[in-house]
Amino acid sequence: MYNIKAIEVKPSITLELSSKAKKLKSEGKEIIDLTVGEPNFKTPDYIIKGAFEGIEKGFTKYTPTSGILELKAEIVKKLKSFNKLDYDISNILISTGAKQCLFNAIYSIVNEDDEVIIPSPYWVSYTEMVRLAGGKSIIVETSKKNDFKIRTKDLDENLTNKSKVLILNNPNNPTGSVYTKSELVEIGNWAVRNNIIIIADEIYERLTYDNEHVSIASLSEEIKNKTITISGFSKTYAMTGWRLGYCVANKDIIKIMNAIQSHTTACANSIAQYAGYVALRDESKYYDTKNMIDEFNKRRKKSVDYISKNSNLNINFPKGAFYIFINISPLKGKSISGKILNSSIDISETLLEEFNLAVVPGIGFGNDDYIRISYAADEKLIIDGIKRIIQLEKSVQ
Ligand code: PMP
Ligand code: GLU
């Protein structure tokens, strides 16, 4: 009766759990919610004022599907200065969040049975988007030993004559791993050699704490020609609900994505686009991303420190984004209140039901030995949340 591919799509576990935590809170439960990757800062005032300015100036109608010129021009400048990427406005498509950019990109490239290589752990939506496009996700395991980063050796082992795309999320959600320039050169050259398109999800580009972010497309003309780079406003400007993202790529692929978008959502919200334009235009006057990065870095250090001093659970030391991936495998097979903890879902459910802490089970990201917490939340809540995980660790038998 229904579309077979659609029936198989699993809802986003991150969004689902975040809604569940919100519902429990609204019912009066004292839940600490470390599920969703959403900065707990307010959208900066100058951007909010920008939205009002946009409304007053009449940016309340359909815009061209690909977005308003003002915003594209600012993105061109930002790409040059931050990403070291030379593109012009015809290489840009503005969409309803980076999520729509990813969907447009995958849908534009992937034919039935084409293979999409997805390094695991991976962000929850990639596999479901590939499913909707009729492609096949090839999940390639990475290891903690290698900081959960994919190597060309792993890619070679999974290359077939159906391989079409590699999705590279850098910095990574959920592991917090960040690729170095030389690692990216190797991966980029591998893609060029094997005629693979790279979808570079760089939504966390501003959130690197130890090294500067490198955009893979900036590493050579050949790599650039094979790469679709995706970013957005959700994380950097605390604008998750405004739904504004963009992608840059060669003009041919932008044209196809533009056509798809013109029949689905059409343009991104016109007011959000104008606000995004102001966000970039006036950033140097009113917004210091360094303050935001420093704040996340402080929380990262405190959380990691607290865990390593008070718990025997291992983590993957995060170098970017705002998540900590915690290895809960020592708790598996143990029991609490008569319930045996067999999986990351069991452990997340127990944390929620018995300790009032909402986290995301690693299985949603392809790894059942972990849970993910987000440190985009208030610092005290993060530490209290970690204390609850440690309480569980001490209570299991
Ligand atoms: N990619 C990754 C890795 C993410 O974690 C997210 C979630 N914010 C997105 C893309 C989508 O972001 P947006 O809010 O711009 O749709
Ligand atoms: N990307 C964020 C996360 O992983 C937001 C939720 C979502 O878009 O799935 O928590």
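Refer to the structure above for everything that follows.
Keep in mind it's a predicted model, so treat the numbers as computed, not measured.

(A) Focus on the overall build of the protein chain. Along the protein chain, the regular secondary structure elements total 15 helices and 15 strands. A compact globule built from 397 residues would reach a C-alpha radius of gyration of about 21 Å, and the protein chain, at 21 Å, matches this within 12%. Oriented by its inertia axes, the alpha-carbon framework of the protein chain measures out at about 60 × 50 × 50 Å. Within the protein chain, the proportion of its 397 residues that are buried is 58%. Excluding contacts between residues fewer than 6 apart, the proportion of contacts in the protein chain whose partners are at least 24 apart in sequence is 73%. Of note, the protein chain has its 53 positive side-chain charges centred 2 Å away from the centre of its 49 negative side-chain charges.

(B) Here's a closer look at the site of ligand 1. Taken together, the neighbourhood of ligand 1 is formed by 14 residues, with Ala98, Asp201, Tyr204, Ser234 and Lys235 sitting nearest. Within the side chain of lysine 235, an N or O atom sits 2.6 Å from a nitrogen atom of ligand 1. Within the side chain of arginine 243, one N or O atom sits 2.7 Å away from an oxygen atom of ligand 1. In isolation ligand 1 offers 390 Å² of accessible surface; the protein chains occlude 93% of this area. When residues in the shell around ligand 1 are grouped by element, the largest group, four residues, is from helix H5 (residues 97-109).

(C) Main features of the site of ligand 2. Every residue near ligand 2 is listed here: Ser12, Thr14, Leu15, Val36, Gly37, Lys99, Trp123, Asn173, Tyr204, Lys235, Tyr323 and Arg372. Within the contact set of ligand 2, an oxygen atom lies 3.2 Å away from a side-chain nitrogen or oxygen of serine 12. Within the backbone of glycine 37, an N or O atom sits 2.8 Å from an oxygen atom of ligand 2. Partitioned by chemical class, the residues of the shell around ligand 2 number five nonpolar, four polar and three charged.

(D) The pairing of strand S10 (residues 323-327), seen in detail. The buried fraction of S10 amounts to five of the five residues, a majority that puts the element mostly inside the structure. Burial of the side chains of S10 extends over both faces: Tyr323, Phe325 and Asn327 are buried on one face and Ile324 and Ile326 on the other. Two strands pair when backbone bridges link them, and strand S9 (residues 315-316) and S10 are joined in this way by two bridges, in the antiparallel orientation. Along S10, the bridge assignment pairs asparagine 316 with phenylalanine 325. Connecting S9 to the antiparallel partner S10 that follows it, the hairpin turn spans six residues, and alanine 321 within it adopts a positive phi of roughly 60 degrees. Two elements, S10 and strand S15 (residues 370-374), share five bridges in a ladder whose sense is antiparallel. What sits directly across from isoleucine 324, in S15, is isoleucine 373.

(E) Spotlight on a nonpolar patch on the surface. A cluster of nonpolar side chains, contributed by Met1, Tyr2 and Ile7, occupies part of the molecular surface with about 470 Å² of accessible area. Relative to the assigned elements, methionine 1 resides in the segment before helix H1 (4-8). The class of methionine 1 is exposed, set by a relative accessible area of 91%.

(F) Here's a closer look at the pairing of strand S8 (residues 245-248). On S8, burial covers both faces: Gly245 and Cys247 on one face and Tyr246 and Val248 on the other are all buried. Pairing geometry for strand S2 (residues 92-95) and S8, over four bridges, is antiparallel. Residue pairing in the sheet places isoleucine 94 in a bridge with tyrosine 246 of S8. Strand direction decides the pairing type here: strand S7 (residues 227-232) and S8, joined by four bridges, are antiparallel. For threonine 229, the partnering residue across the bridge sits in S8 and is valine 248.

Quick notes on the rules
Residues numbered from 1 in each chain as written. Chains lettered and ligands numbered in written order. Predicted model: local features only at pLDDT ≥ 70, side-chain atom pairs only at ≥ 80, totals over all residues. Heavy atoms only, no water. Helix = DSSP H or I, 4+ residues; strand = E, 2+ residues; numbered from the N terminus. Rg over C-alpha atoms; globule rule 2.2 N^0.38 Å. Buried < 20%, exposed > 50% of the residue type's maximum accessible area, 1.4 Å probe, protein only. Contact = heavy atoms within 4.5 Å. Lys, Arg positive; Asp, Glu negative; His and termini not counted. Charge placed at Lys NZ, Arg CZ, Asp CG, Glu CD. Near = heavy atom within 4 Å. Polar contact = N/O pair within 3.5 Å; in protein donor to acceptor, adjacent residues only side chain to side chain. Areas by Shrake-Rupley, 256 points an atom, 1.4 Å probe, with all protein chains shown as cover. Nonpolar A, V, L, I, M, F, W, Y, C, P; charged D, E, K, R; others polar. Pairing = 2+ DSSP bridges. Patch = residues over 30% accessible without salt bridge, like charges linked within 9 Å, V, L, I, M, F, W, Y side chains within 5 Å. Salt bridge = Lys/Arg side-chain N within 4 Å of Asp/Glu carboxyl O.

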